[in-house]
Amino acid sequence: MKKKPFLIIFLLATIILGACQPKQSTPSEKQTLVVWDQFYRDEESKVIDQLNAEFEAKHPGVSIQREVKVLEDLSLTVKLALANEDGPDVAQVNQGRVDMGALVKDGLLLSLDDYAKQYKWNERFPGTLLARNSFSEDGKQFGTGHIYGVSPTAEVVGVYYNKSMFAQHGWAVPTSFDEFLDLLAKIYEAGIVPISFGSLDGWNAIHLFSAIQHLHVSREYIDDFVYSRNDVSFDTEFNLKALYQFYDWVKLDYFTPNFQGIGYDASNESFKKGEAALTITGSWLAPELLTGTDQTFGFFLLPGYEEQQALAIGGLGIPFSIRATTEKKDLAAEYIDWMVSERAAELWADAGMVPAMPLPKKYKLQNDTLFADTVEAWQNINANNLVGHYIDWATPTMYDRLVFWLQRLLSFVSTPEEFIIGISQEYEDWKPYQQ
Amino acid sequence: MQNKAKRYPGESKWKGLLYLLPALLLYLIFTFLPILETIRSSFFQAESLYGARSFVWFQNYIKLFQTSQFLSALRNNFVFIFFYSFLPISFGLFLASFLARVRVPGMRLFRTLYFIPQVLSMVVVGVMWRWMYDPNIGPINVFLRWLGLEQFAQAWLGSFTFALPAVGMAAAWVQYGFCMVLFLSGIQRIPEELYEATSLDGANAFRQFWHVTLPGLIPELSVALMTTIIAALRVFDLVFAMTKGAPGGSTEVTGLLIYRWAFELNNHSYAATMATVLTLIILLISLVIRRVFKQSEKGAL
């Protein structure tokens, strides 16, 4: 009985102590910039840590409080956090209507137009790229209006190939789509899986179809489709043609056997081990293919038809945005400028990631490496205004619907015509809500 | 039977309430109030994440029951009841009655082993089973090929016919241990004399099971049914980790839809509507089970 009161006091003490947060004494000049990013992968995270350390060194009295999350987690929590006074000052916000557009609609993001002029971001990035992070003030129009985010990295979707395998069989990088089709047939005849692919996660199937689609569309169409301008439709001949090309590859068994049950990571692992000759995905995979494997890989853009310029899916990586209610606007803008500086470009390149900003002139790219291939591909489409879009940006539910219909198509439950009708219907139904 | 708890003379009857108060407060703040707020949200519609909401009466509910996506997700939930409830309860009953009546060496070890899946986080279970079902390197297909049954080795989670049962089997694997342990403890409650009496009357093992074990297990059956059915209707993490509704919505469940509407499409009110309807369905089923088993309990005694 004598132990009972002691126990109660002990429990209460633990609870009270646990609830109390020790107050940190902050000197008056010290500022903390809270930054949320999604560069959780080892190589990427090291770059951010390095950049943050150098920023702090240049700005005595400023300390950066970094929080890193996986993109899915970040997208969920950032929507809540940016409405908070204690939220991050700078945060990476996913592009598109569902994330950035929704936040702009609620006035939670700061317009970066003035800073863009001040730091000359509109000279570092072409307008067509900045448009991808732009919305009108009410969040309704996409691809125009004010700039709400600046991206440090760039992405391009293309074809990775196993260099060792190509050398062994005497295959060459194709320069036209017909040559590409011949190459696929040759690889298949050699008894090797032509394209490593798994559709269980869904989103990479969108890239695969859209990569072919991009060889058939015009610059204006793909812009209009994604930004919902000029009343375009998905029900077009060229979309159907691209879809049939994709469908043919499925029927010809050009993909990993049983790909319907394989996920994205698993299919990349398989490609890395040399179990397939090619895989079609984005430049973000390149750093992973540099370590932990004895094969060498290269990258090339999906070649197009002779009569038509070939666009490629691509764009800017996840951008940095500033919380509208932050008190450290200038500091936040300075941080963002640092993240897209030449020094940042250098560090991204060292880590094998394609930077969105131009590399410093004195930076030496090793020729014939995988990374050089991806940078070259990006610089190519950027310079020639051939940077395509992620078509799932078109409507808030487009991502969902595309995965839905693609998985049905890939299991032969739906036909290409039904796919086209399904997606067009989705697009048309959404248009009225835009008003 | 005494219903009144013994109280010492001079003891205040509010003392018991005081012990309950902290937990009650926590429950109110973190569980009950959010539930009320969710139900309240379902009667509104907002234009944007933090924008002003307008009261729309039952419009969300009407819209909900007109969408085939919700109804097919609900159907998948009910299919899951077979894997969450029927299979584990049947198998659990069989295992429990076997282990209780037959002295198996190392019984405690078996009980622990069979219960382990319950202890794992559902996300871990999902990731693990996703790997198990991998068409090329997963153990299930490797085993089938080793047996010479290549034609059965397929893309389980990518198939429109097999994805839902595949996820269901992972769920059954988690639940059967729980049912078995529950029934084992229930069987040990049944007086030995009943078994002696029936065997004296010439009953074989099966008749003993049917006439002694089963009726004696009615309270446990009711608990098992309720817990597993609720789990089947509530499922989210297992499906999210294994297929996210793939392929083509064939494993889509209401939990996934709620998540998608709330967090991916920023429509919290609509998600709240779905959540409220799901809660009502669960409540209804629980009440029905309780009713049915109350009658049986009276009959058995």
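Residues numbered from 1 in each chain as written. Chains lettered and ligands numbered in written order. Predicted model: local features only at pLDDT ≥ 70, side-chain atom pairs only at ≥ 80, totals over all residues.

## A short note on the overall build of chain A
Stage number 1. Counting its secondary structure elements, chain A contains 19 helices and 11 strands.
Stage number 2. Over its C-alpha trace chain A gives a radius of gyration of 24 Å, about what one expects of a compact globule, namely 22 Å for 435 residues.
Stage number 3. Summarising its shape, the C-alpha atoms of chain A cover approximately 80 × 60 × 50 Å along the three principal directions.
Stage number 4. In chain A, 76% of the contacts between residues at least 6 apart in sequence involve partners at least 24 apart. (Helix = DSSP H or I, 4+ residues; strand = E, 2+ residues; numbered from the N terminus. Rg over C-alpha atoms; globule rule 2.2 N^0.38 Å. Contact = placed C-beta atoms within 7 Å.)

## Examining the overall build of chain B
Stage number 1. Each helix and strand counted, chain B has 13 helices and 2 strands in total.
Stage number 2. Expressed as a percentage of contacts within chain B between residues at least 6 apart in sequence, the contacts between residues at least 24 apart total 70%.

## Concerning the confidence of the model for chain B
All names here are of chain B.
Stage number 1. The predicted model of chain B averages 89 in pLDDT, with 96% of residues at 70 or higher.
Stage number 2. Within chain B, helix α9 (residues 205-216) has the poorest average pLDDT of any element, 86, and helix α5 (residues 122-132) the best, 95.
Stage number 3. Scored as a complex, the prediction yields pTM 0.85 and ipTM 0.82. (pLDDT = per-residue confidence, 0-100.)

## Overview of unusual backbone geometry
Stage number 1. In this model, Ala246 of chain B is joined to Pro247 of chain B through a cis peptide bond whose omega is -15°.
Stage number 2. With respect to the helices, strands and loops of the structure, Pro247 of chain B is situated in the loop between α11 (237-242) and α12 (254-264).
Stage number 3. Its identity is not glycine, yet Lys120 of chain A carries a phi of approximately 60°, on the positive side.
Stage number 4. On the basis of neighbour counts, which here come to 11 C-beta atoms within 10 Å, the residue Lys120 of chain A falls in the exposed class.
Stage number 5. The residue Asp231 of chain A is not glycine, and still its phi comes out positive at about 50°.
Stage number 6. Secondary-structure assignment places Asp231 of chain A in the loop between α11 (219-227) and α12 (237-251).
Stage number 7. Judged by C-beta crowding, with 8 C-beta atoms within 10 Å, Asp231 of chain A ranks as exposed. (Buried ≥ 20, exposed ≤ 12 C-beta atoms within 10 Å, placed from the backbone.)

## Overview of the domain arrangement of chain A
All names here are of chain A.
Stage number 1. Split into domains, chain A comes out as domain 1 (31-149 + 318-355) and domain 2 (155-315 + 387-434).
Stage number 2. A separation of 29 Å is found between the C-alpha centroids of domain 1 and domain 2.
Stage number 3. On the domain 2 side, the residues contacting the 13 residues of domain 1 number 12 residues.
Stage number 4. Here the residues of the side of domain 1 that touches domain 2 are counted per class, giving 6 nonpolar, 3 polar and 4 charged. (Domains from an automatic or database assignment. Nonpolar A, V, L, I, M, F, W, Y, C, P; charged D, E, K, R; others polar.)

## Some points on the pairing of strand β9 (residues 297-300) of chain A
All names here are of chain A.
Stage number 1. Alternating positions in β9 separate cleanly, Phe297 and Phe299 being buried on one face and Gly298 and Phe300 remaining unburied on the opposite face.
Stage number 2. Where strand β6 (residues 154-162) and β9 come together, 4 bridges link them in antiparallel fashion. By the bridge assignment, Asn162 is partnered in β9 with Phe297. (Pairing = 2+ DSSP bridges.)

## Digging into the pairing of strand β2 (residues 62-68) of chain A
The side chains of a regular strand alternate, residue by residue, between the two faces of the sheet.
Residue and element names in this part refer to chain A.
Stage number 1. Alignment of strand β1 (residues 31-37) against β2, held across 7 bridges, turns out to be parallel. Bridge pairing links Thr32 to Ser63 in β2.
Stage number 2. For the segment spanning β1, helix α2 (residues 42-58) and β2, crossover handedness is right-handed. (Right-handed = clockwise from strand over helix to strand, strands pointing away.)

## Quick look at the environment of Ser48 of chain B
Stage number 1. By the secondary structure assignment, Ser48 of chain B is in the loop between β1 (44-46) and β2 (53-55).
Stage number 2. Note on Ser48 of chain B: 17 C-beta atoms within 10 Å, which makes it partly exposed.
Stage number 3. Contact partners of Ser48 of chain B, with chain neighbours within four places excluded, come to Ala102, Lys105 and Asp106 of chain A.

## Re the packing of helix α4 (residues 107-119) of chain B against helix α7 (residues 163-187) of chain B
Residue and element names in this part refer to chain B.
Stage number 1. Where α4 meets α7, the axes come as close as 6 Å, and the angle between the chain directions of the two elements is 130°. Judged by the angle between their axes, α4 and α7 are oblique. Once α4 is placed against α7, the crossing between them reads as left-handed. Residues Arg111, Tyr114, Phe115, Ile116, Pro117 and Gln118 of α4 form the contact with α7, whose own contacting residues are Trp173, Val174, Gly177, Phe178, Met180, Val181 and Leu184.
Stage number 2. Class assignment for the residues of the contact of α4 with α7 results in 10 nonpolar, 2 polar and 1 charged. (Axes fitted to C-alpha atoms, helices over the stretch in contact; angles between N-to-C directions. Parallel < 35°, antiparallel > 145°, perpendicular 65-115°, else oblique. Left-handed = near helix turned anticlockwise from the far one by under 90°.)

## Structural notes on the sheet that holds strand β11 (residues 320-322) of chain A
All names here are of chain A.
Stage number 1. Taken in spatial order, the 4 strands of this open sheet run β2-β1-β3-β11, and their pairing is mixed. Strands at the two margins of the open sheet, each flanked by one partner only, are β2 and β11. Across the sheet, the mean angle from the axis of one strand to that of its neighbour is 25°, orientation sign disregarded.
Stage number 2. In this sheet, strand β3 (residues 90-92) lies alongside β1 in parallel orientation, the contact comprising 2 bridges. Note on β3: the bridge partner recorded for Val35 is Val90.

## Examining the environment of Tyr254 of chain A
Residues and elements named next belong to chain A.
Stage number 1. Mapped onto the elements, Tyr254 comes out in the loop between α12 and α13 (264-272).
Stage number 2. Note on Tyr254: 19 C-beta atoms within 10 Å, which makes it partly exposed.
Stage number 3. Along the sequence, Tyr254 and Ile192 sit 62 residues apart, while their C-alpha atoms lie 9.2 Å from each other.

## As for the environment of Leu410 of chain A
Residues and elements named next belong to chain A.
Stage number 1. Positionally, Leu410 belongs in helix α18 (residues 398-410).
Stage number 2. A C-alpha to C-alpha distance of 42 Å links Leu410 and Ser111, two positions 299 residues apart in sequence.
Stage number 3. If sequence neighbours within four positions are ignored, Leu410 has contacts with Ser199, Ala205, Val250 and Gln260.

## Overview of the packing of helix α10 (residues 203-213) of chain A against α18 of chain A
Two quantities define a packed helix pair, namely the angle between the axes and the distance from one axis to the other.
Residues and elements named next belong to chain A.
Stage number 1. Taken N-terminus to C-terminus, the directions of α10 and α18 make an angle of 75°; their axes are 9 Å apart at the nearest point. The orientation of α10 relative to α18 falls into the category roughly perpendicular. Contacts between α10 and α18 involve Trp203, Ala205, Ile206 and Phe209 from the first element and Leu402, Val403, Leu406 and Leu410 from the second.
Stage number 2. Taken together, the residues of the contact of α10 with α18 sort by class into 8 nonpolar, no polar and no charged.

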